[in-house]
Amino acid sequence: MSVLSIQNVVKEYAGHKAVNNVSFDVPQGSIFGLLGPNGAGKTSLIRIITRITAADSGRLLLNGKDISETLIRDVGYLPEERGLYKKMMVGEQLVYLAQLKGLTKTEAATEIKYWLEKFDIKDWWTKKIEELSKGMQQKVQFIATVLHKPSLIILDEPFTGLDPVNTNLMKEEIYRLNSEGTSIIFSTHRMEQVEEICKDIVLIEKGQVILTGAVGEVKEQFKENLFKINTTQPLTGGGRAYDILTSDEQGTTIKIQSDATSNDVLEEVIKSGNVIKSYQEVLPSLNDIFIKQINRI
Amino acid sequence: MNKVWLIAAREYLTRVRKKTFILATLLTPLGIGLLMLAAAYFAKSGSDADKQIIVKDDSGIIEDASVMDSRTMTYTLSNEEINTLKENYNESADILVVIPPFNDLNEASYQISYYSQEKLSIGTINKIEGAVGNQFRDYKINSSDISIETYNSFKTSIDLENGELLDQLAAGEDPKSSGKTGVIVGTILGGLMGFMMYMVIFVYGGMVMRSVMEEKINRIVEIMISSVKPVQLMLGKVIGVGGVGLTQLAIWLILTPAILFGVQHFFGGDLASTAGVSPEQLNQISSAADLSESKIFEYIKELKSLNWLLIIPVFVIFFFGGYFIYASLFAAIGSSIGDDMGESQQLMIPVSIPVVIAFMMLQPVLNNPNGNMAIFGSLFPLISPIIMPARLAFDPPMWQVALSIIILIISCVFFAWIAGRIYRVGILMYGKKVNAKEVFKWLFYKD
């Protein structure tokens with residue numbers, strides 16, 4: 001079952017198709033990477049999911065139901081461009097935002113206390129936003145995104161501007177929320193973070209879906225028959241079954257010919273009298289796939 | 001709807017709790033009080049310096065100089081030789097006035113001269129001219145065969161009054177028609193209400209605009225819009241700021257008279273004596289301005305006789321309607337611009353023009369409160385919030401009031417719709433130069 005199902009969604013701005021017939025599913029309980037270069041249509045899509053704008057056509061199902069106003073409470077959104085009311089105090093600001101999500105004042109206060117304690121910032125309640133540093137403001141904003149316990153959280157570049165310690169803190173919270181069943185859409189163009197965090201991805205470019213699926217499957221799909229082999233003596237020259245691409249201290253990267261298998265490669269190496277220390281498949285990084293796929297279009 | 005109130009409440013509370021708001025709200029009436037005090041003080045100190053004036057009268061017209069005395073000026077005749085006087089008048093006086101011989105009774109203009117160490121103010125010169133002029137007038141009357149009574153009867157004051165009112169009064173009925181005083185009261189009241197609307201539109205409309213811009217620049221608007229509809233956010237803002245305006249006006253309406261009363265009270269009696277005006281002079285002034293006690297009473301009576309049951313509710317309707325229309329439009333402007341105040345000036349022009357036109361129409365409409373311009377102004381939606389309240393004291397035909405209100409309500413919906421369309425696109429639009437043509441296109445964007 002998918003928490004969010006996007007079906008043939010189109011959004012056009014003054015003759016320019018920002019979202020062009022996009023369909024994909026976000027699996028329940030996934031950390032889902034929404035990827036794409038700048039201007040690919042990620043923000044437009046997120047704005048449609050968060051009901052900031054409406055799609056020209058297509059359907060969006062949240063937990064199997066058409067997205068409507070009543071589901072506002074089910075979605076938490078941390079926009080890339082962050083902002084809070086600078087003159088308001090942290091506590092009242094969070095209460096206000098939670099009330100707009102449909103929480104009562106007391107519900108909100110309980111949740112906020114929990115989160116402020118969790119982030120070890122209990123004494124911030126009466127601090128004005130403008131007195132906080134950018135990173136500190138981001139924590140407040142994160143709390144605002146999650147305190148109404150949505151079933152789907154959308155994080156647009158959540159780690160920009162955070163120091164490593166706070167990045168880690170935030171990551172842990174994301175993992176924890178996810179382990180408790182919250183689905184998370186994570187929009188970014190930082191591939192190393194995607195690789196680390198995401199279970200599934202969709203890659204968007206020019207308003208269209210280029211590829212989507214579980215991270216492992218995607219890598220499998222785009223693998224290029226590359227292997228890393230480490231032997232006692234350096235591998236010299238390609239054999240019938242493989243070509244040597246690069247060599248370094250960790251070993252040699254080879255590409256297996258399309259009609260050969262790993263068995264053929266190993267057989268050839270063993271026959272040559274060399275001793276194999278290790279042999280491992282090299283899967284493409286998401287970064288490579290990303291760049292290749294984008295350049296292809 | 002619940003969310004609109006939440007937004008309005010936040011908008012209201014954050015503003016009302018601001019130090020600047022509290023200061024402005026409390027200090028404005030205090031400032032008015034201080035200004036009155038200062039004016040009184042300066043009026044007093046300005047006329048304080050008693051002037052001793054020596055008159056060298058070669059015309060022989062003035063018999064007793066003391067009849068020319070006023071509260072601040074004392075006149076004495078002197079027969080000393082002119083050159084001696086010129087040299088030592090300043091030992092005992094401030095000013096020396098020299099009146100040359102006067103022969104021709106038919107002379108209508110006559111020059112006299114003065115000597116003084118310091119420059120005389122226009123006020124002082126006028127007072128001396130007046131005092132000497134009166135002596136000449138009396139002398140001329142005495143020299144002619146016209147009695148002073150005959151002379152006084154030449155000055156006839158004409159009182160043009162509403163015939164219907166006189167008929168009603170003659171028949172011993174309670175007067176229903178409005179008299180001349182009614183016209184004066186109506187003009188003042190109308191002007192006041194029109195001006196108040198003008199202020200409200202610009203002050204609080206501008207506040208809404210800045211508030212929208214602030215949210216857009218802050219980027220919080222994206223979070224807000226993911227929880228509420230843009231129209232809800234806009235309406236909440238308009239209502240919240242409207243509440244701030246009402247609060248401020250209410251406090252001013254209570255505090256200003258209270259402080260003025262306090263200032264009067266503090267200075268033991270009335271402001272007139274604070275200002276250094278004697279009761280006699282006050283009477284002179286008020287009779288000159290037709291403000292004798294009975295006149296004041298007449299004004300109060302006229303004020304009481306106005307149809308307040310119509311004026312107050314209709315004014316309130318136009319107050320809210322006018323504010324609502326313009327605040328929505330200002331919100332739309334605020335949403336279309338980024339952090340560039342210069343741009344806002346340009347986009348504000350189309351919205352400001354009707355307000356300024358309405359304000360300019362106020363005077364002619366008050367002069368002819370049931371003329372064509374007044375009728376047009378009462379019905380045209382962007383102008384009616386200023387013009388219609390101004391006419392209320394002049395008993396406009398009921399159908400016009402009713403039609404004007406209907407048009408106002410329709411316009412409220414219409415302009416809120418237009419503003420909402422612009423607002424929803426504008427608040428999410430960044431880094432784009434926006435002009436009127438572009439904004440017009442936004443009206444037809446799909447959601």
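Calculation rules
Residues numbered from 1 in each chain as written. Chains lettered and ligands numbered in written order. Predicted model: local features only at pLDDT ≥ 70, side-chain atom pairs only at ≥ 80, totals over all residues. Helix = DSSP H or I, 4+ residues; strand = E, 2+ residues; numbered from the N terminus. Buried ≥ 20, exposed ≤ 12 C-beta atoms within 10 Å, placed from the backbone. Contact = placed C-beta atoms within 7 Å. Axes fitted to C-alpha atoms, helices over the stretch in contact; angles between N-to-C directions. Parallel < 35°, antiparallel > 145°, perpendicular 65-115°, else oblique. Left-handed = near helix turned anticlockwise from the far one by under 90°. Nonpolar A, V, L, I, M, F, W, Y, C, P; charged D, E, K, R; others polar. Pairing = 2+ DSSP bridges. Domains from an automatic or database assignment.

Draft legend 1. Summary view of the overall build of chain A. Scanning chain A from N- to C-terminus turns up nine helices and 14 strands. With the principal axes as the frame, chain A shows a C-alpha extent of 75 × 45 × 30 Å. When the 297 residues of chain A are sorted by exposure, 37% land in the buried category. Put simply, of all contacts in chain A between residues at least 6 apart along the chain, 69% involve residues at least 24 apart.

Draft legend 2. Main features of the packing of helix α2 (residues 90-100) of chain A against helix α4 (residues 134-146) of chain A. Residues and elements named next belong to chain A. Taken N-terminus to C-terminus, the directions of α2 and α4 make an angle of 30 degrees; their axes are 9 Å apart at the nearest point. Classed by the angle they form, the pair α2 and α4 counts as roughly parallel. Relative to α4, α2 is oriented so that their crossing is right-handed. Every residue of α4 that contacts α2 at Val-90, Leu-94 and Leu-97 is listed here: Val-140, Ile-143 and Ala-144. By residue class, the composition of the contact of α2 with α4 is six nonpolar, no polar and no charged.

Draft legend 3. How the structure looks around the pairing of strand β10 (residues 208-214) of chain A. Residues and elements named next belong to chain A. When strand β9 (residues 200-205) meets β10, the two strands line up antiparallel, connected through six bridges. Looking at β10, one finds that Ile-204 is bridged to Val-209. Hairpin connection of β9 to β10: two residues between the antiparallel strands, including Lys-206 at a positive phi of 50 degrees.

Draft legend 4. Region of interest: the domain arrangement of chain A. All names here are of chain A. Looking at the assigned domains, one finds that chain A contains domain 1 (2-214) and domain 2 (222-296). Between domain 1 and domain 2, the C-alpha centre-to-centre distance is 40 Å. Listed as interface residues are nine residues of domain 1 and, on the opposing side, six residues of domain 2. Sorting the residues of the side of domain 1 that touches domain 2 by element identifies α6 (191-197), β9 and β10 as the ones contributing at least two each.

Draft legend 5. Looking closely at the sheet that holds strand β2 (residues 73-77) of chain B. Residue and element names in this part refer to chain B. The four strands are arranged β2-β1-β3-β4 in an open sheet whose pairing can be described as mixed. Of all the strands in the sheet, the pair left with one neighbour each is β2 and β4 (113-116). When the angles between neighbouring strand axes are averaged without regard to direction, this sheet yields 25 degrees.

Draft legend 6. Molecular detail of the interface of chain A and chain B. Taken residue by residue, the interface counts 22 residues in chain A and 16 residues in chain B. Top element by residues in the side of chain A that touches chain B is α2(A). It accounts for four residues. When its residues are assigned to classes, the side of chain A that touches chain B shows eleven nonpolar, four polar and seven charged.

Draft legend 7. Main features of the environment of Lys65(A). All names here are of chain A. For Lys-65, the location among the structural elements is in strand β5 (residues 65-66). Judged by the 11 C-beta atoms lying within 10 Å of it, Lys-65 falls in the exposed class. As for Lys-65 and Leu-4, which are separated by 61 residues in sequence, their C-alpha atoms are 9.2 Å apart.

Draft legend 8. Inspection of the pairing of strand β3 (residues 31-35) of chain A at higher detail. Residues and elements named next belong to chain A. A large share of β3 lies buried, amounting to five of its five residues. Alternating residues of β3 divide into Ile-31, Gly-33 and Leu-35 and Phe-32 and Leu-34, and every residue in both groups is buried. In the sheet, β3 pairs with strand β8 (residues 183-188) via five bridges, with the strands oriented parallel. When the bridges of β8 are listed, Phe-32 appears paired with Ile-185.

Draft legend 9. Region of interest: the packing of helix α7 (residues 180-218) of chain B against helix α13 (residues 308-336) of chain B. Residues and elements named next belong to chain B. For the pair α7 and α13, interaxial distance at closest approach is 8 Å and the crossing angle is 30 degrees. Here α7 and α13 pass one another in a crossing that is right-handed. Across the contact of α7 with α13, the residue classes break down as 17 nonpolar, five polar and two charged.

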